[in-house]
Amino acid sequence: MFDRMKEDIQAIMARDPAAKSGLEILLCYPSLHAVWAHRLASFFWKRRLRLLGRWVSQVARWLTGIEIHPGATLGRRFFIDHGMGVVIGESAVVGDDVTLYHGVTLGGVAPSVDSDAQRGTKRHPTLLDGVIVGSGAQILGPVTVGQCARVGANAVVVSDVDCDTTVVGIPAKVARKDSRDQAQFMPYAQGADIADPILRELAATRQAMLKLQQRVESLEEERERLVLADDSSEDGKPQAVGA
Ligand SMILES: CC(C)(COP(=O)(O)OP(=O)(O)OC[C@H]1O[C@@H](n2cnc3c(N)ncnc32)[C@H](O)[C@@H]1OP(=O)(O)O)[C@@H](O)C(=O)NCCC(=O)NCCS
């Protein structure tokens, strides 16, 4: 149990650049408190102590702003950054190494249909390993979000998402498809290899200057050749280079 708790703290440290120490994570990260409370709630839920499970889940919601139904299945190293406003439904399944930001819903789609008929059915999404879901995104219905897929902030996902795919917008559409090295988590979807916009602008300006410099040098060489050709011509008239 302590190994799992340590792993939870390490997962947050690895993914949140703002986290400075294990103690800070222990005291200040609602994700950790909500996930630990969910383990307790789920323990009761699975032993048919349903009301107790729901009550633990509700207490955790009051304290963290994160609502995880005790029936939901969560994988290892699950991290909810900031947390407030996250809702995870009863039949949701979350794989390993998944990251959600605040305001995400893993919910159902059809509140108006007969709830008795829906009871016990799979109504909520499945997120496979390594998925990242941006803040405010809503993933609705029994859809599957493939391994290492990324859901853009504020997107509304109502159909399956392929692995290694980025989806954005309402309804969510594919914006990019590529497989990346998931060994290195990219907080806020920014890799360490991606320079900040000012550095990127400076690099582009430097490239443009180098091109200009090369052009000036080649023009100067051409001019020298023309002058030389001019000097060597017998009648003193300039001659075309290579003529
Ligand atoms: C979707 C996301 C994960 C980026 O994934 P990515 O695979 O690196 O995708 P890119 O950044 O290359 O974006 C692909 C395209 O989608 C667009 N896009 C990215 N996020 C978008 C969003 N939330 N809504 C609409 N379009 C979006 C990009 O502008 C780009 O468009 P282009 O191809 O026309 O230039 C990232 O944009 C995101 O939403 N991260 C969530 C971060 C977050 O919630 N932060 C909260 C911190 S408190």
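The following refers to the structure shown. (Residues numbered from 1 in each chain as written. Predicted model: local features only at pLDDT ≥ 70, side-chain atom pairs only at ≥ 80, totals over all residues. Heavy atoms only, no water.)

## Observations concerning the environment of methionine 13
At step 1: Tracing the chain through its elements places methionine 13 in helix α1 (residues 2-15).
At step 2: When the C-alpha positions of methionine 13 and glutamate 24 are compared, they lie 9.9 Å apart, and in sequence the two are 11 residues distant.
At step 3: If we ignore the near neighbours within four places in the chain, the residues touching methionine 13 are Ala19, Lys20, Ser21, Gly22 and Ile25. (Helix = DSSP H or I, 4+ residues; strand = E, 2+ residues; numbered from the N terminus. Contact = heavy atoms within 4.5 Å.)

## Quick look at the packing of helix α3 (residues 30-46) against helix α4 (residues 50-64)
At step 1: Running from amino to carboxyl end, α3 crosses α4 at an angle of 170°, the nearest separation of the two axes being 7 Å. It follows that α3 is roughly antiparallel to α4 by the angle criterion. Seen from α3, the contacting residues are Pro30, His33, Ala34, Ala37, Leu40, Ala41, Phe44 and Trp45; seen from α4, they are Arg50, Leu52, Gly53, Arg54, Val56, Ser57, Ala60 and Thr64.
At step 2: For the contact of α3 with α4, a count of residues per class yields 10 nonpolar, four polar and two charged. (Axes fitted to C-alpha atoms, helices over the stretch in contact; angles between N-to-C directions. Parallel < 35°, antiparallel > 145°, perpendicular 65-115°, else oblique. Nonpolar A, V, L, I, M, F, W, Y, C, P; charged D, E, K, R; others polar.)

## Some thoughts on α4
For an α-helix the count is 3.6 residues per turn, leaving residues at separations of three or four pointing the same way.
At step 1: An ideal rise of 1.5 Å per residue puts 21 Å on 15 residues; α4 measures up with 21 Å between its terminal C-alpha atoms.
At step 2: When α4 is considered as a whole, its buried residues turn out to be Gly53, Val56, Ser57, Ala60 and Thr64. The buried residues of α4 occupy an angular sector of 95° when projected down its axis, which confines them to one face. Facing away from the buried side of α4 by more than 90 degrees, the exposed set consists of Leu51, Trp55 and Trp62. (Expected span 1.5 Å × (residues − 1). Buried < 20%, exposed > 50% of the residue type's maximum accessible area, 1.4 Å probe, protein only. Arc of directions from axis to C-beta.)

## Structural notes on the pattern of salt bridges
At step 1: All chains considered together, the criterion is met by 10 salt bridges.
At step 2: Residue arginine 61 pairs with glutamate 67 through a salt bridge whose shortest N-O separation is 2.8 Å.
At step 3: Classification of glutamate 67 as partly exposed rests on a relative accessible area of 23%.
At step 4: Taken together, the shared-partner salt bridges in this structure form one network comprising Arg4, Glu7, Arg15, Arg76, Arg77 and Asp97. (Salt bridge = Lys/Arg side-chain N within 4 Å of Asp/Glu carboxyl O.)

## A short note on the site of the ligand
At step 1: Taken together, 15 residues sit near the ligand, with Ser135, Arg150, Thr166, Arg176 and Arg180 positioned nearest.
At step 2: One of the backbone N or O atoms of serine 135 is found 2.7 Å from an oxygen atom in the ligand.
At step 3: Threonine 166 is positioned with one of its side-chain polar atoms (N or O) 2.5 Å from an oxygen atom of the ligand.
At step 4: At the level of elements, β14 (165-168) and β15 (173-177) are the ones that each hand at least two residues to the shell around the ligand.
At step 5: Split into classes, the residues belonging to the shell around the ligand amount to six nonpolar, six polar and three charged. (Near = heavy atom within 4 Å. Polar contact = N/O pair within 3.5 Å; in protein donor to acceptor, adjacent residues only side chain to side chain.)

## Quick word on the packing of aromatic side chains
At step 1: Within the structure shown, the criterion is met by two aromatic pairs.
At step 2: Note on tyrosine 29 and phenylalanine 79: the rings are 6.4 Å apart at their centroids and 40° apart in plane angle, and the pair reads as tilted. Of this pair, tyrosine 29 sits in the loop between α2 (22-28) and α3 while phenylalanine 79 sits in strand β3 (residues 79-80); the two residues are 50 residues apart in sequence, bridging distant segments of the chain.
At step 3: On the basis of relative accessible area, phenylalanine 79 is assigned to the buried category, the value being 1%. (Phe/Tyr/Trp six-rings, centres within 6.5 Å; stacked < 30°, edge-to-face > 60°.)

## Overview of the sheet that holds strand β4 (residues 86-88)
At step 1: Reading across from one edge, β1-β4-β7-β10-β13 is the order of the five strands in this open sheet, with parallel pairing throughout. With partners counted over all chains shown, the strands left at the sheet margins are β1 (66-68) and β13 (156-157), one partner each.
At step 2: Alignment of strand β7 (residues 105-107) against strand β10 (residues 138-140), held across three bridges, turns out to be parallel. Following the sheet pairing, leucine 106 is matched in β10 by isoleucine 139. (Pairing = 2+ DSSP bridges.)

## Things to note about the side chain of glutamate 7
At step 1: With respect to the helices and strands, glutamate 7 occurs in helix α1.
At step 2: For glutamate 7, a relative accessible area of 15% translates into the label buried.
At step 3: In this view, glutamate 7 contacts Arg76 and Arg77; residues no more than four positions away in its chain are not counted.

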